[in-house]
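A structural walkthrough
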Amino acid sequence: VPYRTRQVRLIVTASNDSQNNCHGCGPSLSVFEFTAQVGKWELTDSQFAVIEWGEFGEASGSGISVALLNDEVYGVFLKGGSMHQGIIENFTNIVARVQDVMRPVAQIQTGENTEGVPQIAGNTNWTATVKVAPKTAASAGGFRDLIVTMSGIDHGDKADQVQRYRFNGREYAQAE
């Protein structure tokens, strides 16, 4: 975790349930936080079954990162996607500690591709990135805004745009 004032490391684990193996079923992720104290790593927080992430009962093999949402709160960013009826969709889920509980605070669509479905009018093939806004742009709870930069084609029209998401004290929502 990129704190300036202390050293913190995270371990994110996946707990698989053998009965939870459907296409859209992901394992539960748990987060364990360790803080450097007197020359060794001490477990300072553990949060179990924070979110499901992955498919077929398995966690995704990549797409996980950490960024500070404010000076004292990190977000775990989970990139993933799915395909249904030939449509590919990508999402970024973010979990963060709100009132001492680690929980989902955002699910932002970061891509769509309908090229595998010729009967859909208007081609759609776009991607987006999610970044934390600079420190000067803070919203409720001191969380920084999220900047989503989208590019590509959406239903045959150019989809290049930038969206801002603001934390409302509970979750991120698109700012107007």
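Structure: above.
The rules behind each value
Residues numbered from 1 in each chain as written. Predicted model: local features only at pLDDT ≥ 70, side-chain atom pairs only at ≥ 80, totals over all residues. Heavy atoms only, no water. Helix = DSSP H or I, 4+ residues; strand = E, 2+ residues; numbered from the N terminus. Buried < 20%, exposed > 50% of the residue type's maximum accessible area, 1.4 Å probe, protein only. Contact = heavy atoms within 4.5 Å. Lys, Arg positive; Asp, Glu negative; His and termini not counted. Charge placed at Lys NZ, Arg CZ, Asp CG, Glu CD. Pairing = 2+ DSSP bridges. Axes fitted to C-alpha atoms, helices over the stretch in contact; angles between N-to-C directions. Phe/Tyr/Trp six-rings, centres within 6.5 Å; stacked < 30°, edge-to-face > 60°. Lys NZ or Arg CZ within 6 Å of the ring centre and 35° of its normal.

Right, let's get into the overall build of the chain. A tally of regular secondary structure across the chain gives zero helices and twelve strands. Counted from the first residue to the last, the chain has its helices and strands arranged as β-β-β-β-β-β-β-β-β-β-β-β. With the C-alpha coordinates aligned to their principal axes, the bounding extent of the chain is approximately 60 × 45 × 25 Å. Buried residues in the chain amount to 38% of all 176 residues. Long-range contacts, defined as pairs at least 24 residues apart, comprise 43% of the intrachain contacts of the chain with a sequence gap of at least 6. Put simply, the chain has 14 plus and 19 minus side-chain charges, and the middle of one group is 12 Å from the middle of the other.

It is worth spelling out the sheet that holds strand β1 (residues 8-15) at this point. Within a sheet, neighbouring strands are paired by backbone hydrogen bonds and run either parallel or antiparallel to one another. The strand order β1-β2-β3 describes an open sheet built from three strands, whose pairing is antiparallel. For this open sheet the edge positions go to β1 and β3 (40-52), each flanked by a neighbour on one side alone. Direction aside, neighbouring strands of the sheet carry axes that sit 20° apart on average.

Further remarks concern the packing of aromatic side chains. Counting across every chain of the model gives four aromatic pairs. Ring geometry for F143 against F167: centres 4.1 Å apart, planes inclined by 20°, an arrangement best described as stacked. Of this pair, F143 sits in the loop between β8 (125-132) and β9 (146-154) while F167 sits in strand β11 (residues 161-167); the two residues are 24 residues apart in sequence, bridging distant segments of the chain. Both residues of the pair, F143 and F167, count as buried. Taking NZ or CZ as reference, R6 lies 3.9 Å from the ring centre of Y3, over its face.

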